[in-house]
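Chain residues, written in single-letter form:
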Amino acid sequence: MPIKAIPELFVHELSDTYSAEKQMTRSLPKMAKAATDPELAAAFEAHLEETRGQVARIEELAEAAGLKLKRIKCEGMAGLIEEATSMMDQVQEGPVLDAALIGAAQKAEHYEIASYTSLILMAKKLGLAQAVPLLQETLQEEQATDQKLSVLAEAAQIEQAQQA
């Protein structure tokens, strides 16, 4: 059945984002394990805990707003995870793989940043005042993670990768 109204679209997009976050809880441990830089592995592990909180926050938001999340699979995140997994299989372990993991993680973060930005705009239009701060909190976490990944990308391991 086609989506015809913004409230339906909001539930669909929230459900899609929920799926994306749940997929990330399964992918981040693999990325942490594949990372050779201890700081990068720690960043993935820290973001895993943060992501679990983001999943709980979506559940809290849905319950508070009386929304029923749909059981859908976020195909966008599935594709990004598939790409990251492929990189883990193709790239030699070490600084080059760490660089590839950072790139893959940033792609996922940017996807999530776009999702939360759209959800915030829709929540405001729908008058879901209780949803906005929860969504903004997650958006800020995603932006902070992206910044941390950028700092790691600027770190020495990338310089080492150029010399390999």
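Placed above this text is the structure.
Rules of the game
- Position numbers for residues start from 1 in each chain and track the written sequence from start to end.
- Local features in a predicted model are, by the rule used here, given only for residues with pLDDT of at least 70; side-chain atom pairs are given and counted only at 80 or more, and totals for whole chains, interfaces and linings are based on all residues.
- Only hydrogens and water are set aside; all other atoms, that is, all heavy atoms of the structure, feed into the side-chain values.
- A helix here means a DSSP run of H or I that spans at least four residues, while a strand means a run of E at least two residues long, and both kinds are numbered starting from the N terminus.
- For every residue, the accessible area obtained with a 1.4 Å probe (protein chains only) is divided by the maximum for its type, and the residue is called buried under 20%, exposed over 50%, and partly exposed between those limits.
- Polar contacts here mean pairs of N or O atoms no more than 3.5 Å apart (in protein, one a potential hydrogen donor and the other a potential acceptor; neighbouring residues in sequence count only if both atoms are side-chain atoms).
- Contacts were defined at the residue level, with two residues in contact if any of their heavy atoms lie within 4.5 Å.
- Expected span, for any helix, means 1.5 Å times one less than how many residues it has.
- Every angle, taken between N-to-C directions, lies between 0 and 180 degrees, and every axis is a line fitted to C-alpha atoms, over only the stretch in contact when it is a helix.
- Here is the rule for angles: anything less than 35 degrees is roughly parallel, anything more than 145 is roughly antiparallel, 65 through 115 is roughly perpendicular, and the remaining ranges are oblique.
- By the definition used in this description, the sense in which the near helix is turned from the far one sets the handedness, with an anticlockwise turn below a right angle giving left-handed and a clockwise turn giving right-handed.
- Three classes are used, and their members are as follows: Ala, Val, Leu, Ile, Met, Phe, Trp, Tyr, Cys and Pro are nonpolar, Asp, Glu, Lys and Arg are charged, and the others, Gly among them, are polar.
- Side-chain atoms within 4.5 Å link the members of a nonpolar core, which is a set of buried Ala, Val, Leu, Ile, Met, Phe, Trp, Tyr and Cys residues.
- The salt bridge criterion pairs a side-chain nitrogen of Lys or Arg with a carboxyl oxygen of Asp or Glu, the two atoms within 4 Å.
- For patch building, the residue pool is restricted to those with more than 30% relative accessible area and no salt bridge; the joining distance is 9 Å between like charges and 5 Å between nonpolar side chains (Val, Leu, Ile, Met, Phe, Trp, Tyr).
- Residue exposure ignores everything except the shown protein chains as possible cover, and the areas themselves are Shrake-Rupley values with a 1.4 Å probe.
- The sign given to each residue is positive for Lys and Arg and negative for Asp and Glu; His and the chain ends receive no count.
- A charged residue contributes its charge at one atom only: NZ of Lys, CZ of Arg, CG of Asp or CD of Glu.

Our focus in this paragraph is the side chain of Gln23. Among the structural elements, Gln23 can be located in helix H1 (residues 6-34). Residue Gln23 is classed as buried on the basis of its relative accessible area of 9%. Only 3.1 Å separates the side chain of Gln23 from the backbone oxygen of Cys74, close enough to count as a polar contact. What Gln23 contacts, discounting residues up to four positions off in sequence, is Lys73, Cys74, Met77, Ala78 and Ile81.

This next bit is on helix H4 (residues 95-126). An ideal rise of 1.5 Å per residue puts 46 Å on 32 residues; H4 measures up with 46 Å between its terminal C-alpha atoms. Where H4 ends, the next residue or the one after it, Gly127, has phi of about 75°, a positive value.

So, about the packing of H1 against helix H2 (residues 38-65). For the pair H1 and H2, interaxial distance at closest approach is 9 Å and the crossing angle is 155°. Relative to H2, H1 is oriented roughly antiparallel. As for how H1 packs across H2, the hand of that crossing is left-handed. Taken together, the residues of H2 that come into contact with H1 (itself represented by Phe10, Leu14, Thr17, Tyr18, Glu21, Lys22, Met24, Thr25, Leu28, Pro29, Met31 and Ala32) are Ala41, Phe44, Glu45, His47, Leu48, Thr51, Arg52, Gln54, Val55, Ile58, Glu59 and Leu61. Among the residues making up the contact of H1 with H2, the classes are represented as 14 nonpolar, 5 polar and 5 charged.

Turning to the nonpolar core, a few remarks are in order. Judged by nonpolar contacts, the single largest core of 27 residues is most densely connected at Met31, Leu40, Phe44, Met77 and Leu101. Where this core is concerned, the elements lending two or more residues are H1, H2, helix H3 (75-90), H4 and helix H5 (131-154). Those residues in contact with Leu40 that lie beyond four places of it in its chain are Ala35, Asp98, Leu101, Ile102, Leu149 and Leu152. Membership of the second largest hydrophobic core comes to 18 residues, among which are Leu61, Ile113, Tyr116 and Val132.

Close approach of charged atoms lets side chains of opposite charge pair. For the structure on display, the rule yields 4 salt bridges. Here Glu137 ties to Arg57 by a salt bridge, and the two come within 3.2 Å at their closest N and O atoms. Within this pair, whereas Glu137 is found in helix H5, its partner Arg57 is found in helix H2, the two being separated by 80 residues in sequence. In this structure Glu137 comes out as partly exposed when scored by relative accessible area, which is 36%. Looking at Arg57, the relative accessible area reads 11%, which means it is buried. Three or more residues joined by partner-sharing salt bridges are found here, namely Arg57, Glu137 and Glu141.

Helix length check: H2 (28 residues) gives 40 Å between terminal C-alpha atoms against 40 Å at 1.5 Å per residue, within 8%. Listed in full, the buried residues belonging to H2 are Leu40, Ala41, Phe44, His47, Leu48, Thr51, Gln54, Val55, Arg57, Ile58, Leu61 and Ala62. Packing partners of the buried residues in H2 comprise H1, H4 and H5. Downstream of H2 by one or two residues, Gly66 has phi in the positive range, about 70°.

A separate point is the environment of Val132. The topology assignment puts Val132 in helix H5. For Val132, a relative accessible area of 11% translates into the label buried. Measuring from C-alpha to C-alpha, the distance between Val132 and Ala35 comes to 34 Å, with 97 residues separating the pair along the chain. When sequence neighbours within four positions are dropped, the list of residues in contact with Val132 reads Ile120, Ala123 and Lys124.

Right, let's get into a positive patch on the surface. On the surface, Lys22, Arg26, Lys30 and Lys73 cluster together to form a positively charged patch. Relative to the helices and strands, Lys22 resides in helix H1. For Lys22, a relative accessible area of 34% puts it in the partly exposed group.

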